[in-house]
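Per-entry structural report
Each chain, letter by letter, is given below.
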Amino acid sequence: MNPKLSVLTEARRGWFSRADAMAAGYSDSELRRRLRAGQWSRLSRDVYVEPSGWPASEPSWDRARRLHLLKTRAAIERMGEGAVVSHQSAALLHGLPSWGLDLTKVQVTKPVGRARSDVLADVHRSRFEPGEVTVVDGLRVVSPARAIAETACASSYEVGVVLADAALHQRLVTPDALVATADRYRFWHGSPAARAAARFADGWSESVGESRLRVLMANYGLPAPRLQVEIRDQDGRLIGRVDFLLGVRLIVEFDGAMKYGDAADAVLAEKWREDRLRACGYRVLRVSWGDLDQPQATADRLHHAL
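Since we're looking at a predicted model, the values are computed, not measured. (Residues numbered from 1 in each chain as written. Predicted model: local features only at pLDDT ≥ 70, side-chain atom pairs only at ≥ 80, totals over all residues. Heavy atoms only, no water.)

1. So, the pairing of strand S6 (residues 133-136)
Strand residues, when the strand is regular, have side chains that alternate between the two faces of the sheet. One ladder, built from 4 bridges, connects S6 with strand S7 (residues 139-142); its direction is antiparallel. Looking at S7, one finds that threonine 134 is bridged to valine 141. From the end of S6 to the start of S7, which pair antiparallel, there are 2 residues, and aspartate 137 there has a positive phi angle of about 50°. (Pairing = 2+ DSSP bridges. Helix = DSSP H or I, 4+ residues; strand = E, 2+ residues; numbered from the N terminus.)

See below:
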């Protein structure tokens, strides 16, 4: 990329259009050649990026987030004033997890005017209450509480819990704001899921996996667990903080992907910690990502352990 296009792309926060490339001295044939060679990539019609500076080992979910945010900037710039990033696109801008989100198209809401969707964006029409629009990284975006309510209505209760837990944990919202916002839009299609998620949300949940495991436990009639409980020995010395304490003596730990990496000392430390927990009379049960995809079997394990 020549210096002129590089400056234009940086000004747009990572994307450029065909017109930008032409203005920087490139021809259509050179644009096509760079696309074929993989030097540039097409995000959508007339929206391009140069991915050479992106991390080669970037996880697929982080790459999907990056691409969606680039498309969001392109969509908003083309729509001009009045357009506000909403739904799952707003959730990403607020730094919330991308698990379960449909990132195929950018989500935008306008308070007035024609809501015309295209291949890049779904455009909704809705009014905003005071305080429901903020600015994130230069873009007008709905508030975290509204983004969560919108996304839960359009997706699922479980997605709503994941987003709401994360927003509470990051202190982006308060429990009251989550509930009040979900209740405000109780006539939206899908609002029962959003309202239930707002009430079930718990800021002590520290990951997507923990949030999904909480939903699984509740769905299968397990008692409500205590989260992030500090366990101490008989002398009062801290053994560790556990993800869930279920009942009186059952510790449930969620093992997320790459929790320990390749560090043998971390694995040994965790084994030593677990041995101490068992010596104090606790049982320890571990749940992984794969277990979440087998909810009945996982719930049966937990019931049996109790």
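2. Thoughts on the packing of aromatic side chains
In the structure shown here, the tally under the stated rule is 6 aromatic pairs. Taking the centre distance of 4.9 Å and the plane angle of 70° together, the rings of phenylalanine 16 and tryptophan 40 count as edge-to-face. Residue phenylalanine 16 is found in the loop between helix H1 (3-11) and helix H2 (18-23), and its partner tryptophan 40 is found in the loop between helix H3 (28-37) and strand S1 (41-44); the two are separated by 24 residues along the sequence. Residue class for phenylalanine 16 comes out buried when judged on its relative accessible area of 0%. Aromatic pair tyrosine 185 and tryptophan 188: ring centres 4.1 Å apart, planes at 20°, arrangement stacked. (Phe/Tyr/Trp six-rings, centres within 6.5 Å; stacked < 30°, edge-to-face > 60°. Buried < 20%, exposed > 50% of the residue type's maximum accessible area, 1.4 Å probe, protein only.)

3. Focus on the sheet that holds strand S11 (residues 283-288)
The strand order across the open sheet built from 4 strands is S8-S9-S10-S11, with neighbouring strands paired in mixed fashion. Across the chains shown, the open sheet's two edge strands, defined by having one partner strand only, are strand S8 (226-232) and S11. Averaged over all neighbouring strand pairs, the angle between strand axes comes to 50°, with direction disregarded. Bridging between S8 and strand S9 (residues 238-246) involves 6 bridges; their strand directions are antiparallel. Bridging across to S9, isoleucine 231 finds its partner in glycine 240. Across the face of the sheet, helix H10 (residues 208-219) comes into contact with S8, S9, strand S10 (250-255) and S11 while running at roughly 45° to S9. Sheet contacts for helix H13 (residues 295-305): S9, S10 and S11; angle to S11, the most-contacted strand, approximately 175°. (Axes fitted to C-alpha atoms, helices over the stretch in contact; angles between N-to-C directions. Contact = heavy atoms within 4.5 Å.)

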